[in-house]
Amino acid sequence: MSITFLGFYRPYFREADVETVRGSGQFLPEMRDKVKAFPSSLPDTCRLIGSWGVTGGEAPGVMVVEADSFSDIQFINTYYAGWLNFDWHPTNTGGVPRS
């Protein structure tokens, strides 16, 4: 049975990255490529439900996934290591039935 997890994330920014983003108004190319490749790189036991980033301000971004185990969550942490810092929370329902 899958568990639905909410992941609140904040980026790790090096000072040079901040200046590049400010100057261009866009993600760094390496980060953009990671984000695009992410859904297809997930293990078969993990499904991305949605992800919402917040620009400006102090609010974290949010990622929602259905995962069969904590190893799926660790995969995401490792995938974005050095780019995003996640704070994961399982939901109380344990997921919804899918047909």
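Presented here is a report on the structure given in the accompanying data block.

Reading the values: the criteria
Residues numbered from 1 in each chain as written. Predicted model: local features only at pLDDT ≥ 70, side-chain atom pairs only at ≥ 80, totals over all residues. Heavy atoms only, no water. Helix = DSSP H or I, 4+ residues; strand = E, 2+ residues; numbered from the N terminus. Polar contact = N/O pair within 3.5 Å; in protein donor to acceptor, adjacent residues only side chain to side chain. Core = buried A, V, L, I, M, F, W, Y, C linked by side-chain atoms within 4.5 Å. Buried < 20%, exposed > 50% of the residue type's maximum accessible area, 1.4 Å probe, protein only. Contact = heavy atoms within 4.5 Å. Expected span 1.5 Å × (residues − 1). Bend = angle between axes of the 7 residues up to and from the residue. Salt bridge = Lys/Arg side-chain N within 4 Å of Asp/Glu carboxyl O. Axes fitted to C-alpha atoms, helices over the stretch in contact; angles between N-to-C directions. Parallel < 35°, antiparallel > 145°, perpendicular 65-115°, else oblique. Left-handed = near helix turned anticlockwise from the far one by under 90°. Nonpolar A, V, L, I, M, F, W, Y, C, P; charged D, E, K, R; others polar. Pairing = 2+ DSSP bridges.

### Quick look at the environment of Asn85
Item 1. With respect to the helices and strands, the residue Asn85 is situated in strand β4 (residues 84-90).
Item 2. The spatial distance from the C-alpha of Asn85 to the C-alpha of Pro11 is 6.1 Å, given a sequence separation of 74 residues.
Item 3. Side-chain polar atoms of Asn85 contact the side chain of Tyr12, separated by 3.5 Å.

### Describing the nonpolar core
Item 1. Counting 18 residues, the largest nonpolar core has Met63, Val65, Ile76, Tyr80, Phe86 and Trp88 as its most contacted members.
Item 2. Mapped onto this core, the elements with two or more residues apiece are β1 (3-11), α2 (29-41), β3 (61-67), α3 (70-79) and β4.
Item 3. If we skip the residues at most four places from it in the chain, Met63 touches Phe5, Leu6, Gly7, Tyr9, Phe38, Leu48, Gly50, Ser51, Ile76, Tyr80, Phe86 and Trp88.

### Some thoughts on α2
Item 1. Between its terminal C-alpha atoms α2 stretches 18 Å, which fits the 18 Å expected from 13 residues at 1.5 Å a residue.
Item 2. Along α2, the sharpest change in direction is near 25 degrees and occurs at Val35; proline Pro39 comes one to four residues later.

### Details of the pattern of salt bridges
Item 1. Tallied over the entire structure, the rule returns 1 salt bridge.
Item 2. Between Arg47 and Glu66 there is a salt bridge, and its shortest N-O distance comes to 3.7 Å. Here Arg47, found in strand β2 (residues 46-52), pairs with Glu66, found in strand β3; they are 19 residues apart in sequence, far enough to count as distant.
Item 3. The class of Arg47 is partly exposed, set by a relative accessible area of 39%.
Item 4. Exposure remark for Glu66: the relative accessible area of 7% places this residue in the buried category.

### Describing the packing of α2 against α3
Item 1. Where α2 contacts α3, the two axes come as close as 12 Å, and the packing angle between them is 160 degrees. It follows that α2 is roughly antiparallel to α3 by the angle criterion. Note that α2 runs across α3; the crossing there is right-handed. Side by side, α2 and α3 meet where Lys34, Ala37, Phe38 and Ser41 of the first sit next to Phe75, Ile76 and Tyr79 of the second.
Item 2. A class-by-class count of the residues in the contact of α2 with α3 yields 5 nonpolar, 1 polar and 1 charged.

### Details of the sheet that holds β1
Item 1. Read across the open sheet, the 4 strands follow the order β2-β3-β1-β4; overall the sheet is antiparallel. If you trace the sheet from one side to the other, it starts and ends with β2 and β4, each paired once. The average undirected angle you get between the axes of adjacent strands in this sheet is 25 degrees.
Item 2. Judged from the 7 bridges that link them, β1 and β4 form a sheet pairing that is antiparallel. Counterpart to Tyr9 in the pairing with β4 is Phe86.

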